[in-house]
Number of protein chains: 2
Amino acid sequence: MNPSLSAASPAEARRLIRTGAHTGQTAGMAPGYLQGNIAILPADLALDFARYCQRNPKPCPLVGVSETGDPSLPTLGADIDMRTDLSGYNVYRDGELADTVSDIRDLWRDDFVTFVLGCSFSFEDALVSEGVPLRHLETGTTVSMYRTNIATVPAGPFHGDMVVSMRPLKPADAIKAVEITARFPETHGTPVHLGDPAMIGVDDIARPDWGDPAEFRDGEIPVFWACGVTPQVAVRQARPPICITHRPGSMLITDIPSTEARQTPG
Amino acid sequence: MNPSLSAASPAEARRLIRTGAHTGQTAGMAPGYLQGNIAILPADLALDFARYCQRNPKPCPLVGVSETGDPSLPTLGADIDMRTDLSGYNVYRDGELADTVSDIRDLWRDDFVTFVLGCSFSFEDALVSEGVPLRHLETGTTVSMYRTNIATVPAGPFHGDMVVSMRPLKPADAIKAVEITARFPETHGTPVHLGDPAMIGVDDIARPDWGDPAEFRDGEIPVFWACGVTPQVAVRQARPPICITHRPGSMLITDIPSTEARQTPG
């Protein structure tokens, strides 16, 4: 990444994205600030989706909800405009990916509600800075993600099994990782499982359902965290007439320091 | 309290309340289990109230939301029936207290949504059991509560200043209390202020707006936590045609162990 991008403030990073000067992923941009997964839904599904997030806080840590029809998100950043401030949007119609676009000015509707969910970038920063090595960052690959047999708690039409991300860690680092991620409830919090993958319905650790396989080194065990793909699966199950999400890797950059996510709203 | 009540399981405690065998407060019943503040609102206000709670997690720690029109709350207890399982209900019409009743079977509507918010009983149990003395429990009085000048983040018609509860503590106990309550984000979490009351708009610590005044002993400082009266004030500001809450002290007893509130939903 261009060094000037990694030094940009959240507002500057959003401006670069909004003006089309940056069109790629957001990993590493505005370090130290919370980035969010996005789901934009019509208002008649918003209460059910809010219930789904409340009932499943580990995969769906809700950090912001917009007013109906309002593309701003003043609780997460003074100048946020959801129509332009992601570097890529996926548009789903009836649960199927219909289009990928760079802004949604033409698609915006006055019944849209934006949901922002914390993503794992913040806790990964904390793990690395406290000395827990993360294989996928070392190898420049995408973290391994798996469907599990852990059912989420349904809400209206939203339901489905939990998706997890997996990081290979030495047992001592796994313990340290639990301690560190306990401080980040708004970015998936503590792991949901460690050790035997079969116990959560993962049959072949070498074949992730999303992302790349990870190499295991001597004595390492798999450690599993709830993953932000879970609500995407739930939305797909619900087959809403329209739902707009971030394009994978193109998160919303907020003004909230990662360490303060819990205290954000008041 | 009758010793058999303090030994009752959550399901047994709810049965005693449902059948009218227990009509008093719930403090001390089913110890170790999360008790909840209740707000029941018509569905057309439910999304705004969910947003209000999401934006103000310290005063409004949402632990459960019902399906529309459904008096059960399966995520918090297998047999909960919101029409009968509180020992007292306050009925507000247009923001004013209109009635206090012992069940709401006749008032229930198929557009009602129940919101359950964590209450301070759980963190008080933890403080006492870890050696932090709480004056109001020693003296058998009600904790002191104050209006502050800390504005909550509004959502639709819901808004207002934060209400806080105050406990006098020695500085070393205040530090321990921060450490302990950090583990209880679902029951108001860490304090919002300590020390000078004037900094949060509390002019006379000896005259609480709710509850009883507390005696200060040598070297003690006031420690302030966000309080569950905050959403009640916000609801009153919103003047909904109808809103039903718990009668103060008559909480919903859930099946959720207090220490696991954060992990509850999935």
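Look a little higher up for the structure.
Here's a quick rundown of the structure. (Residues numbered from 1 in each chain as written. Chains lettered and ligands numbered in written order. Predicted model: local features only at pLDDT ≥ 70, side-chain atom pairs only at ≥ 80, totals over all residues.)

**Here's the deal with the interface of chain B and chain A**
A common way to report how large an interface is uses the accessible area buried once the components associate. What counts here: A pair of residues counts as a contact when their C-beta atoms, built from backbone coordinates, are separated by no more than 7 Å. The way it works is that DSSP assigns letters per residue, a run of H or I at least four long becomes a helix, a run of E at least two long becomes a strand, and they are numbered from the N terminus. For this classification, Asp, Glu, Lys and Arg are treated as charged, while Ala, Val, Leu, Ile, Met, Phe, Trp, Tyr, Cys and Pro are nonpolar and the rest, including Gly, are polar.
Between chain B and chain A, the contact holds 19 residues from the first and 18 residues from the second. Secondary-structure elements contributing two or more residues to the side of chain B that touches chain A are α3 (46-55) and β2 (62-65) of chain B. Residue composition of the side of chain B that touches chain A, grouped by class: 10 nonpolar, 5 polar and 4 charged.

**Considerations on helix α7 (residues 229-238) of chain A**
Residues and elements named next belong to chain A. Put simply, the rule reads: Put plainly, a residue is buried at 20 or more neighbouring C-beta atoms within 10 Å of its own, exposed at 12 or fewer, and partly exposed in between, counting only other residues' C-beta atoms, which are placed from the backbone.
Burial analysis of α7 places 7 of its 10 residues in the buried class, the great majority of the element. Regarding α7, the residues found buried are V229, T230, P231, Q232, A234, V235 and A238. Once α7 finishes, R239 follows within two positions and takes phi at roughly 50 degrees, a positive value.

**Looking at the pairing of strand β10 (residues 243-246) of chain B**
Residue and element names in this part refer to chain B. Heads up, the condition is: Any two strands are treated as partners once DSSP identifies two or more bridges connecting them.
Relative to β10, strand β1 (residues 33-42) runs antiparallel, the two being bridged by 2 bridges. Its bridge partner lying in β10, I40 is registered against I244. Note that strand β3 (residues 89-93) and β10 share 4 bridges and pair antiparallel. Of the residues in β10, the one forming a bridge with V91 is I244.

**What about the environment of N56(B)?**
Residues and elements named next belong to chain B. Mapped onto the fold, N56 is located in the loop between α3 and β2. Given 28 C-beta atoms within 10 Å, N56 falls into the buried group. Separated by 98 residues in sequence, N56 and P154 have C-alpha atoms that sit 8.8 Å apart.

**Section: unusual backbone geometry**
The backbone of A30(A) sits at a positive phi, close to 45 degrees, despite the residue not being glycine. Examined against the element boundaries, A30(A) turns out to sit in the loop between α2 (10-18) and β1 (33-42). A positive phi angle, near 50 degrees, is found at D94(B), a position not held by glycine. Tracing the backbone through its elements, the reader meets D94(B) in the loop between β3 and β4 (96-101).

**Topic: the relation of the copies chain B and chain A**
Condition: The fit set for superposing copies consists of C-alpha atoms from residues with pLDDT of at least 70 in both; the fit itself is least squares.
Here chain B sits on chain A after a turn of 180 degrees about the axis and a move of 0.0 Å along it, with an RMSD of 0.0 Å. Taken together, the rotation angle and the small translation identify this as a two-fold axis. No C-alpha of chain B approaches the rotation axis more nearly than that of L47(B), which lies at 2.6 Å. A high fraction, 95%, of the interface residues of chain B reappear at the interface in chain A, so the copies pair face to face through one surface.

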